[in-house]
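A closer look at the structure
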Amino acid sequence: MSSDNIAIKVENLSKCYHIYDRPQDRLKQYIIPRLQRLAGKLPKNYFREFWALRDVSFEVKKGETVGIIGRNGSGKSTLLQIICGTLTPSSGTVETKGRIAALLELGSGFNPEFTGRENVYMNGAVIGLCREEIDTCFDDIAAFADIGDFMEQPIKTYSSGMLVRLAFAVNIMSQPEIMIVDEALAVGDMNFQAKCMTALTRIQNAGATILFVSHDIGALKSLCSGGIFLEQGNLKDIGTAADVAEHYVRMMREEMNDEQRRFARVSQTFSEKNEENAQNPQLEKKLLLEASEEEFNRRVSQFRYGTGEARITNVQLLNMDDEPVTVVEFNQKVKVRIYFEAHEKKVLSVNFSIKDDKKNNITGSGLRNTNQPLLEVHSGDSYQIDYIILLPLQEGSYSLQTQLTEPIIYDETANFIDVIEDAVVFTVRRWEKAKVWSKVYLFPVVEIKRTSREVSPA
């Protein structure tokens, strides 16, 4: 790949901090190792090493939007600060091409004694705007920040939300070539976050490179084309935003299971069938289903996780004649059929989600959504669950995710017993009547009335 097409290049980047257990250890570290070296002795360290980043390498192409995810303390903010040049790495290199605008920590780069207006001009100068350019876009900045008369007040009187509004407005109006956004946007209200996403999309469409840190998986998948997953300072995964986000969500769910259950996963091996079933009069049908289940489990083995006290044995997308389908018509009625077996006594919900090709969750359901009671299952029980649905979806590729969950707090949190990504992948054909421009079409009822304006006499 040509280096001219690279906006950000990070090579073998590491950052190590020295952690001192006591204040006096810092003084000892400054003096004693020097004396030990002079005496020809091996110097002793009075600190512990903490590696915030270790040997991280990646490239971001010009015009690309890359999301960075990871739990708190994984090194995301450290990485952004090094890229922006506000922090020095312990080793490795960073190369950037283009004017950078960064929204990192609240109030960074602001003088608390200056008014909002004065800070706009000061920050504009810092990111390379001349006074005439700031004059031209000041009204737009003020309108975007929407803090009213506080623009003429010292920013030490601002709330955290007002600070991030002003900081984001200045950076977004500077039309940067590289935009770096940390989790500071999380303090904004719902309307401001929506406005920020629209603004980021606009500069994205204008060809800017965006490096975006957020815990909002939906925003990351919809806004970003690429993803970077950091874990304890190491590069855990890099790839498309959808794949990296799913990797992150999967790991978080698995850890939540571990915390809630606090015991090792049970074996995912199927229990042996009872010999008495051999005399079942529906033997032929049973054998065909088992063959289908065997193929299904082989196909999805790498894309499932959970604690395993119950296990999904097969998932099918069927037409109303119970025939498997992978291509469906717009708004076709289909069945999502889920088979599962229980290995322990549990109270379970059987759920499904339909996701688009970027892994955005489009729709889905669980038993509680359909006013059905949760299932109380026992070891050896097996079930077939049919969800009958219409698919008024935009043409394109979709996949089914299926879940067996045990509620911890109803409608809030759950223990993930078995989750299968891409249980079925299918395609929706284009609606012959008209193109659907959104993901889901709701068939609105339209009323049209012709009206006339009465002209008042002169």
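An account of the accompanying structure is given in this report.

So, how was this worked out
Chains are numbered independently. Their residues run from 1 in the order of the written sequence. The predicted origin of the model limits local features to residues at a pLDDT of at least 70 and limits the giving and counting of side-chain atom pairs to 80 or more, whereas totals for whole chains, interfaces and linings rest on all residues. Working from all heavy atoms in the structure, the side-chain values ignore hydrogens and water. What counts as an axis is a line fitted to C-alpha atoms, over the stretch in contact for a helix, and the angles between N-to-C directions run from 0 to 180 degrees. The secondary structure listing takes helices from DSSP runs of H or I that are at least 4 residues long and strands from runs of E that are at least 2 residues long, numbered from the N terminus. We call two directions roughly parallel when the angle between them is under 35 degrees, roughly antiparallel when it is over 145, roughly perpendicular when it lies between 65 and 115, and oblique otherwise. Note on convention: near helix rotated counterclockwise from far helix by under a right angle means a left-handed crossing. Clockwise means right-handed. The contact rule is simple, with two residues in contact once any of their heavy atoms fall within 4.5 Å. Charged residues are taken to be Asp, Glu, Lys and Arg, nonpolar residues to be Ala, Val, Leu, Ile, Met, Phe, Trp, Tyr, Cys and Pro, and polar residues to be all remaining types, Gly included. The term salt bridge refers to a pairing of a side-chain nitrogen on Lys or Arg with a carboxyl oxygen on Asp or Glu at a separation within 4 Å. Burial status follows relative accessibility: with a 1.4 Å probe on protein chains alone, a residue under 20% of its type maximum counts as buried, one over 50% as exposed, and anything between as partly exposed.

Our focus in this paragraph is the packing of helix α4 (residues 131–145) against helix α5 (residues 160–173). Taken N-terminus to C-terminus, the directions of α4 and α5 make an angle of 140 degrees; their axes are 8 Å apart at the nearest point. As judged from the angle between their axes, α4 and α5 are oblique. The interaxial crossing formed by α4 with α5 has right-handed handedness. Across the interface between the two elements, Asp140, Ile141, Phe144 and Ala145 of α4 pack against Arg165, Leu166, Phe168, Ala169, Val170 and Met173 of α5. When its residues are assigned to classes, the contact of α4 with α5 shows eight nonpolar, no polar and two charged.

A word on the pattern of salt bridges. Under the criterion given, the structure shown has 21 salt bridges. For Arg304, the salt bridge identified is with Asp418, shortest N-O distance 2.5 Å. Here the residue Arg304 occupies a position in strand β10 (residues 304–305), and Asp418 occupies one in strand β19 (residues 413–428), the gap between them amounting to 114 residues. Of the charged contacts in the structure, one is a salt bridge between Asp386 and Arg337, with a shortest N-O distance of 2.8 Å. Placement of the pair is Asp386 in strand β17 (residues 382–391) and Arg337 in strand β13 (residues 332–342), with a sequence separation of 49 residues. Of the residues examined, Arg337 reaches a relative accessible area of 9% and is grouped as buried.

Tracing the backbone through its elements, the reader meets Asp243 in helix α8 (residues 241–261). Between the alpha carbons of Asp243 and Lys221 there is a distance of 9.1 Å; along the sequence they are 22 residues apart.

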